[in-house]
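Survey of secondary and tertiary structure
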Amino acid sequence: MADKKVGKKDIAGLLEQWSQQFAVFAPSKESGVAAMAEWDGKDISFLDWYRNTVVPPKAIFLPPMEELFRFQKGKEGYNIEPPPKDKHKRLIFGVRPCDARAMAILDMTFEQALEDPYYLSRRKSAILVGLGCTNPCESCFCTSMGTSPTDQTNVDLMLIDIGDDFLIEEVTAKGKELIAKTSGLKGATKEDEAKAKQAKETAYNKVTRKLDTEGIKDRLLASFDDEEFWEKTAAKCISCGICTLLCPTCYCFDINDEMVKQEGTRFRSWDSCGFPNYTKMPMENPRQEKWRRVRQKVCHKYEFYPMTFNVIACTGCGRCIRLCPVNWDITQVIESVPARTEAKK
Amino acid sequence: MTVADTNQEFFAQGNVYLPHIAVIEKIVEETPGVRTYHFNFKDEKLRKEFTFQSGQFAQYSVLGTGEATFCISSSPTRRDHLEFAAQRVGKVTNALNRLGVGAEIGFRGPYGNSFPIDSLKDKNLVFVGGGIGLAPLRSLIWNVLDYRDKYKKIDIVYGARTPADLCFKYDLEAWDKDKTVNMVTTVDRGDDGWKGKVGVVPKILEEVAPSAGESVAIVCGPPIMIRFTFPALEKLGFKPEQMLTTLEKRMKCGIGKCGRCNIGNLYVCRDGPVFSYAQIKDFVSSEY
Amino acid sequence: MEQKLRQEAKALLEQNKVDWIIGFEPGSLKFTATPLITRDKNDTERLIINPFIVNNLADFLTGIKGRVGIVAKGCDSRSIISLIQDNKIVREDVVILAVPCPGLIDLVKIERLAGKDRDELDDISRDGDKVTVTVDGQKKEFAINQTLFDHCLACELPTPQEYDILLGEPGPPAPELEVSGQNIAKLKEALPAERWEFWQNEFSRCIRCYACRNACPACFCQRCFVEETEPQWVMPVPRWQDNLIFQIIRNIHVAGRCTDCGECERVCPVNIPLRSLAREMYGIVDELFSFKSGMDKEALPLMAHYEQEEAEDLFK
Ligand SMILES: Cc1cc2nc3c(=O)[nH]c(=O)nc-3n(C[C@H](O)[C@H](O)[C@H](O)COP(=O)(O)OP(=O)(O)OC[C@H]3O[C@@H](n4cnc5c(N)ncnc54)[C@H](O)[C@@H]3O)c2cc1C
Ligand code: SF4
Ligand code: SF4
Ligand code: SF4
Ligand code: SF4
Ligand code: SF4
Ligand code: FES
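The structure displayed is predicted, hence computed values, not measured ones. (Residues numbered from 1 in each chain as written. Chains lettered and ligands numbered in written order. Predicted model: local features only at pLDDT ≥ 70, side-chain atom pairs only at ≥ 80, totals over all residues. Heavy atoms only, no water.)

Here we come to the domain arrangement of chain A. Residues and elements named next belong to chain A. Structurally, chain A comprises domain 1 (4-206) and domain 2 (216-336). Listed by partner, the interface residues are 41 residues for domain 1 and 39 residues for domain 2. Taken over both partners, the interface formed by domain 1 and domain 2 buries close to 3,400 Å², and the fraction arising from carbon and sulfur atoms is 64%. When the shortest N-O distance is used, the salt bridge between arginine 319 and aspartate 99 registers 2.7 Å. At the surface where domain 1 touches domain 2, the tally comes to 22 residue pairs in polar contact (both at pLDDT 80 or more). Its residues placed into classes, the side of domain 1 that touches domain 2 shows 26 nonpolar, seven polar and eight charged. (Domains from an automatic or database assignment. Contact = heavy atoms within 4.5 Å. Buried area = accessible area lost by both parts, 1.4 Å probe. Salt bridge = Lys/Arg side-chain N within 4 Å of Asp/Glu carboxyl O. Polar contact = N/O pair within 3.5 Å; in protein donor to acceptor, adjacent residues only side chain to side chain. Nonpolar A, V, L, I, M, F, W, Y, C, P; charged D, E, K, R; others polar.)

So, in structure tokens, the structure goes:
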């Protein structure tokens, strides 16, 4: 079946159509901060400015904070009130390939062992419409991390910029079904497909930051106790939560209660292994020192996640590099991990 | 058994994050800082059907204050009620301390793996505990004693800082009386009335010197005790595979999602809390 | 200036006058510098000084053991003085390598002026009062007061007063107080209800990354009130009310310590105009107590001492 295409001018109409069936999310900017937000029904100016969001799309599925449940204390004791069923079906428009891959990585955690009903109910009913990058950032290194600026692997539909139009690649059954029900699309020609191919190559070559991850799992394992290396690596980090909270593959959360009079709420909210209190226990803290926390972050992504799920939990989106207040650069760190033979015990 | 085998029928309202309501039936003051809570579910059906295994833990809530992690300290072989023991150290444990008999608490669980009870059969068992760390061991010890003939020699080495800090004194007495058990109690610092041993657990363990052949050592206590007990056992000839422990890390979700309880690639809640020393020795020196 | 810095820093380490050097080296992205914290004398070769040395390095002093040679702009030096007054560090343990600072270039402003992201720019160069930005081979010129950080436009001490080694000639201070205070002035003109809505909106973006706190040299508490659980002063969830309370209490805690270095606002990943709050508090402290943190090394720490009359007031 031949691919379809949609004119850039017609994107508003397309989103409008999809809005009938879905809660549509698209890139939006507030006070200069780009995030995925519910589409306002008109604005498609993001097509001009959008490179990637500051807040990753994971925030739609694992929000910075959410209510797990509410409870009341009455004469008969406590009553636990489950959260209302999530009825929204969400369509996220403009997901970048790196962030789509990150969603697949997050799925592994939320699906394994016991399923997480909150995350998965949103995730399973959602459609991801990918938008290929034409202008990768200096900090992007997706092509070293198993994806690329136009990779369609982890989305339902993929849009490739071919000038005045986007070529639509139908990736999953869900995506195909949506396209079948969508009107106003044009058929793509051979020429369009050639253009798309060209666009992919161009975009690929624009990602100039490279990272060699060969053998990284073993290098990290061998360097685990190399305190000198980790102290040096951690020296300038200020232990904030930027590189973890805003990393599209980080999922750590905290759980807290709040009660006013006889009514209460249990929340979960983003948390970070960079914070000293994260592992604080009554008698001691296994990660009191900063270098241990930095080590956890690096090892979790590049050693532990691969051990458990066989995939590095970093997609090269570059957010942690762009947003870090001290320019701590994960690619420099990974490159500087000593090779097995050099590692000290 | 892993967390994936958790009986989903025990989820409150089908949601793993929702607690069941349980009622405190009895409170035992163990030491000035530790209390044992006897409790039972409010729900009739769950009360009958709930099962667990020694070594498993649960997330207990004082609703409005928060959740904390405690192992189930009673034995699955004695099912008229459940027990946990909590040491007062912070927010939730202080709030628990303010509760009395009849108060309602939240309960999510049971979570985690358990002691591999089948593989302990026909073995000599060496239990090594410190302080509140006896809680999970106690569940297993009673479990084993209720089927005494399936196991061989049983040694229990238990210690606390002072005689006043010894938990479960009624159990210690019962095991001391039990002729089939070699019970050794020790304290770091004795007092006038103290007639037992004086010395830290790893040292006393070396004195007791249980034989390593056909044996499994089960260790639980404060991290510092655990760190010194493994080398002591190694000296006695125990192999890393023969040493079991249950680890304690800060926990929130209890089901392998929130991230914080990891040791290396293992999550204590998902892959533990029971581990063999062989599994964790790469990380134990620097992460625990 | 850079050459002198490298020589001095190397000498300090070689002669064992310090254990650490804290300065800047080139960053991994365009137009960035990154903190260099080292005890290796060979690393001093990488030290740089340029209009992008944005971090307030005083932040690292409380976390480091030993004697430190530290590169300090005017604002950094004020934070160092303030830390000394609060007994957080000892004067004898720091060697201040003073940089006369002509102001730092705010890339957010440049992006807005050039209509491009920072990594799409070819070059940014400064010549006196002009900044030239090259985009796609084309040069665009901007006046310096359009391109500097707000806090630089309000800088009262471009060259450290307190130092051990001065790297270069002090330049004239160039306060553009009016430009620097535009955001604050606008907020002050707004009706209380509008202002409330404004902050509600801004703080609903806060993700509680605590970068503002952790980058702030004046936030040096071992245990921050946000992390207290008994009692819980604020919920550790990123709800706008709690976020706002966190920031307000933070501002109160750094009153008399904050030197208006602008770091909180610069590091915030979601662009909350935090300096508007900090600067306003700075102004209030000055108005009430005639006190400007880190300006006078003989001054007593504002919040950690009291006058006889104050005590009498308090214990009547
Ligand atoms: C598998 C497992 C089984 C366990 N079994 C038992 C058991 O059977 N019995 C038992 O007593 N315990 C057990 N524990 C330990 C128990 O979970 C903790 O002691 C308990 O969660 C403490 O909860 P809390 O709310 O009272 O303390 P919290 O208030 O959460 O904190 C505990 C301590 O941390 C410190 N702290 C808290 N917040 C901060 C902060 N912001 N900054 C600095 N320090 C801070 C405080 O010093 C406080 O004393 C077990 C743990 C695990 C993981
Ligand atoms: S990392 Fe790759 S996929 Fe992600 S925004 Fe950059 S170029 Fe696009
Ligand atoms: S963003 Fe930078 S400073 Fe903050 S925790 Fe990450 S590496 Fe450290
Ligand atoms: S442990 Fe750290 S690196 Fe891993 S997911 Fe959690 S916050 Fe991210
Ligand atoms: S570690 Fe950094 S580059 Fe990798 S996915 Fe996370 S934010 Fe992106
Ligand atoms: S830096 Fe910004 S987002 Fe982070 S805690 Fe401070 S105000 Fe909130
Ligand atoms: S407690 Fe959440 S992952 Fe283990």
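From this point, things continue past the structure.
At the junction of the two partners, chain B supplies 48 residues and chain A supplies 53 residues. In total, about 4,000 Å² of surface goes out of reach between chain B and chain A, with carbon and sulfur atoms giving 55% of it. Our count for the contact surface shared by chain B and chain A stands at four salt bridges. The salt bridge involving aspartate 271 of chain A is made with arginine 260 of chain B; its shortest N-O contact spans 3.0 Å. Among the elements of the structure, strand S3 (57-62), strand S4 (66-71), strand S6 (104-111), helix H6 (223-235) and helix H8 (277-287) of chain B are those that each provide at least two residues to the side of chain B that touches chain A. The biggest single contributor to the side of chain B that touches chain A is H8 of chain B, with five residues. Looking at the side of chain B that touches chain A residue by residue, the class counts come to 18 nonpolar, 16 polar and 14 charged. (Helix = DSSP H or I, 4+ residues; strand = E, 2+ residues; numbered from the N terminus.)

With that out of the way, let us pick up the site of ligand 1. In the neighbourhood of ligand 1, 25 residues make up the surrounding shell, with Thr69, Val89, Lys91 and Thr93 of chain B together with Glu227 of chain C lying closest. Proximal residues around ligand 1 fall on chains A, B and C, making this an inter-chain site. Cysteine 71 of chain B places a main-chain nitrogen or oxygen 3.2 Å from a nitrogen atom of ligand 1. Threonine 93 of chain B is positioned such that a nitrogen or oxygen atom in its side chain is 2.4 Å from an oxygen atom of ligand 1. Within the complex, the protein chains bury 86% of what would otherwise be the 980 Å² of accessible surface of ligand 1. When residues of the shell around ligand 1 are traced back to their parent elements, those giving at least two are S4, strand S5 (82-87) and helix H2 (91-97) of chain B. Top contributing element to the shell around ligand 1 by residue count: S4 of chain B, with four residues. (Near = heavy atom within 4 Å. Areas by Shrake-Rupley, 256 points an atom, 1.4 Å probe, with all protein chains shown as cover.)

All names here are of chain C. Considering all chains together, one arrives at 13 cavities of 30 Å³ or more under this definition. In this structure, the largest cavity occupies an estimated 170 Å³ of space. Taken together, 19 residues make up the lining of the largest cavity; nearest its centre are Cys216, Pro217, Cys258, Thr259 and Cys261. Of the residues forming the lining of the largest cavity, the biggest block, three residues, is contributed by helix H2 (residues 74-85). For the lining of the largest cavity, a count of residues per class yields ten nonpolar, four polar and five charged. (1 Å grid on protein atoms, 1.4 Å probe; cavity = no way out; pocket = protein on both sides within 12 Å on 5 of 7 lines; lining within 4 Å. Points joined across faces, edges and corners; volume = space filled by probe spheres on them.)

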